[in-house]
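# Analysis of the macromolecular model
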Amino acid sequence: GAGVSQSPRYKVAKRGQDVALRCDPISGHVSLFWYQQALGQGPEFLTYFQNEAQLDKSGLPSDRFFAERPEGSVSTLKIQRTQQEDSAVYLCASSSSPERGATGELFFGEGSRLTVL
Amino acid sequence: ILNVEQSPQSLHVQEGDSTNFTCSFPSSNFYALHWYRWETAKSPEALFVMTLNGDEKKKGRISATLNTKEGYSYLYIKGSQPEDSATYLCAKASGTYKYIFGTGTRLKVLA
């Protein structure tokens with residue numbers, strides 16, 4: 001696709017519900033990132049994939065959070081038994097080549113705004 | 001400085017004014033400094049990726065400088081226009097994939 005696509009754009013969940021957020025990165029992009037942005041904060045790292053391999057999940061706040069990218073393209077972030085503190089914008093980003101490392105720009109989706117009541 | 005800090009948090013300027021904001025970051029373990037512009041209801045878009053101390057980059061009316069020794073970067077906008085209204089995020093790369101973002105500077109340009 002032309003850009004990174006995320007769905008749903010908005011999700012309202014009742015506390016305790018499970019949610020799944022989808023990210024469709026730019027075709028061919030090897031690296032994929034998930035970030036969480038709480039109100040008034042900057043994006044905070046959740047997890048990083050290189051193709052289908054999840055190389056770093058140190059930012060996932062609890063074992064209720066799970067991310068996968070089974071075929072190295074589309075990724076899903078799942079949150080089980082949602083809590084109010086999970087309310088945030090979840091941003092997905094991709095970049096073309098891990099060989100460029102930190103010098104390659106990130107391409108972001110528009111984010112999924114999750115509100116937990 | 002332990003985190004990436006941006007100042008000011010927000011500002012309003014008149015159309016035609018020039019403005020600048022600051023991104024301060026820990027100077028240790030530096031790989032790159034990224035600037036992104038995030039307009040409401042859109043996705044963040046890269047403005048600059050800077051790696052070298054003393055680096056200066058320019059895109060139209062927007063430019064940025066980098067000082068890796070003292071740990072800061074400035075973003076300048078010359079002759080602000082209403083379409084420049086956005087949140088400007090900086091991010092320090094402290095590894096090949098580890099980025100630490102600031103909280104952003106929210107700019108509103110008044111016509």
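Residues numbered from 1 in each chain as written. Chains lettered and ligands numbered in written order. Predicted model: local features only at pLDDT ≥ 70, side-chain atom pairs only at ≥ 80, totals over all residues. Heavy atoms only, no water.

## Quick look at the side chain of Asp56(A)
- Within the secondary structure, Asp56(A) sits in strand 6 (residues 53–56).
- Polar side-chain contacts of Asp56(A) include one of 2.8 Å to the side chain of Tyr97(B).
- When neighbours within four sequence positions are excluded, Asp56(A) is seen to be in contact with Phe45(A), Leu46(A), Thr47(A), Tyr48(A), Tyr97(B) and Lys98(B). (Helix = DSSP H or I, 4+ residues; strand = E, 2+ residues; numbered from the N terminus. Polar contact = N/O pair within 3.5 Å; in protein donor to acceptor, adjacent residues only side chain to side chain. Contact = heavy atoms within 4.5 Å.)

## So, the pairing of strand 7 (residues 65–68) of chain A
All names here are of chain A.
- Where burial is concerned, the two faces of strand 7 differ: the one with Phe 65 and Ala 67 is buried and the one with Phe 66 and Glu 68 is not.
- As defined by bridge partners, strand 7 adjoins strand 8 (residues 75–79) across four bridges and the pair is classed as antiparallel. By the bridge assignment, Ala 67 is partnered in strand 8 with Leu 77.
- Hairpin connection from strand 7 to strand 8: six residues lie between these consecutive antiparallel strands, with Gly 72 at a positive phi of about 75°. (Buried < 20%, exposed > 50% of the residue type's maximum accessible area, 1.4 Å probe, protein only. Pairing = 2+ DSSP bridges.)

## Observations regarding the interface of chain A and chain B
- Listed as interface residues are 23 residues of chain A and, on the opposing side, 22 residues of chain B.
- In total, chain A and chain B occlude about 1,800 Å² of area from one another, counting both sides; carbon and sulfur atoms represent 65% of this.
- The partner of Asp56(A) in a salt bridge is Lys98(B), and the shortest N-O contact between them spans 3.3 Å.
- At the level of elements, strand 4 (31–37), strand 5 (44–50) and strand 6 of chain A are the ones that each hand at least two residues to the side of chain A that touches chain B.
- Counting residues per element, the side of chain A that touches chain B draws most heavily on strand 4 of chain A, at three residues.
- Looking at side-chain class alone, the side of chain A that touches chain B contains ten nonpolar, nine polar and four charged residues. (Buried area = accessible area lost by both parts, 1.4 Å probe. Salt bridge = Lys/Arg side-chain N within 4 Å of Asp/Glu carboxyl O. Nonpolar A, V, L, I, M, F, W, Y, C, P; charged D, E, K, R; others polar.)

## Observations regarding the packing of aromatic side chains
- Following the criterion strictly, the structure yields 16 aromatic pairs over all chains and no others.
- Where Phe33(A) meets Tyr99(B), the ring centres are 5.8 Å apart and the plane angle is 75°; that geometry is what we call edge-to-face. With Phe33(A) in strand 4 and Tyr99(B) in strand 10 (residues 99–101), this pair bridges two chains. Comparing Phe33(A) with Tyr99(B) shows no difference in burial state: the two are buried.
- Judged by centre distance (5.0 Å) and plane angle (40°), the rings of Tyr72(B) and Tyr74(B) are tilted.
- Among the residues examined, Tyr72(B) registers a relative accessible area of 24% and is labelled partly exposed.
- An aromatic cluster of at least three residues, connected via ring pairs, comprises Phe33(A), Tyr35(A), Phe45(A), Tyr48(A), Phe108(A), Tyr36(B), Tyr97(B), Tyr99(B) and Phe101(B). (Phe/Tyr/Trp six-rings, centres within 6.5 Å; stacked < 30°, edge-to-face > 60°.)

## So, the sheet that holds strand 8 of chain A
All names here are of chain A.
- The strand order across the open sheet formed by four strands is 1-3-8-7, and the pairing between neighbours is antiparallel. Where the open sheet ends on each side, the last strands, each with one partner, are strand 1 (5–7) and strand 7. Strand-to-strand twist of the sheet, defined as the mean angle between neighbouring strand axes without regard to direction, takes the value 15°.
- Relative to strand 8, strand 3 (residues 19–24) is paired through five bridges, and the arrangement is antiparallel. By the bridge assignment, Arg 22 is partnered in strand 8 with Thr 76. (Axes fitted to C-alpha atoms, helices over the stretch in contact; angles between N-to-C directions.)

Function cannot be inferred from these measures alone, as they are strictly geometric.
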